Amino acid sequence: MSLRLRVNPITCAGHGLCAELLGEHITLDEWGYPVIADAPVPPGLKKLARRAATDCPALALLLVKEP
Ligand code: SF4
């Protein structure tokens, strides 16, 4: 089972914290909103991905299980 990160664009406030925590998988667009890599979270980044999701001040970053 793999994990994928999703952003809720309605609640995301563009803090950019997620990209700071997980720069290997999340970049910011020109307005400071996150762009998630179009791939499952690499196994070595799962712990950081969980932290990015729980630390998001707007709780806009979701970690979704994929079959
Ligand atoms: S930390 Fe949360 S609110 Fe901030 S840019 Fe990332 S997803 Fe959006």
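In case you missed it, the structure is sitting above this.
As the structure is a prediction and not an experimental result, all values here were calculated from the model. Residue positions are counted from 1 within each chain, in the order its sequence is given. pLDDT decides what is reported in this predicted model: residues at 70 or higher carry local features, side-chain atom pairs at 80 or more are listed and counted, and totals for whole chains, interfaces and linings draw on all residues regardless. Only hydrogens and water are removed before side-chain values are computed, so all heavy atoms of the structure are retained for them.

(A) Main features of the site of the ligand. Summary of the distance rule: residues count as near a molecule or strand when at least one heavy atom falls within 4 Å of that molecule or strand. Every residue close to the ligand is listed here: Cys12, Ala13, Gly14, His15, Gly16, Leu17, Cys18, Pro34, Cys56, Pro57 and Ala58. A pocket here means an open set of points on a 1 Å grid, computed over the protein atoms alone, that has protein on both sides within 12 Å along at least five of seven lines. A cavity is instead a set of points where a 1.4 Å probe fits but cannot get out; residues with an atom within 4 Å of a point line either one. More than half of a molecule's atoms lying within 2 Å of a cavity's or pocket's grid points is what places that molecule inside it. Among the detected pockets, the ligand sits in the largest cavity. Here the shell around the ligand is built from residues that sort into 8 nonpolar, 3 polar and no charged. Throughout, the ten residues Ala, Val, Leu, Ile, Met, Phe, Trp, Tyr, Cys and Pro are labelled nonpolar, Asp, Glu, Lys and Arg are labelled charged, and all others, Gly among them, are labelled polar.

(B) Main features of the pattern of salt bridges. One speaks of a salt bridge when a side-chain nitrogen belonging to Lys or Arg is within 4 Å of a carboxyl oxygen belonging to Asp or Glu. A full pass over the atoms with the stated rule returns 4 salt bridges. In this structure, Arg4 and Glu66 form a salt bridge, with 2.7 Å as the shortest nitrogen-oxygen distance. Of the two residues, Arg4 sits in strand 1 (residues 2–7) while Glu66 sits in strand 4 (residues 61–66), which places them 62 residues apart along the sequence. Each member of the pair, Arg4 together with Glu66, is buried. Of the charged contacts in the structure, one is a salt bridge between Arg6 and Glu66, with a shortest N-O distance of 3.9 Å. Secondary structure is summarised from DSSP: a helix means a run of H or I of at least four residues, a strand means a run of E of at least two, and numbering begins at the N terminus for each. Per-residue accessibility, obtained with a 1.4 Å probe over protein chains only, is compared with the maximum for each type, and a residue is labelled buried under 20%, exposed over 50%, and partly exposed between these values.

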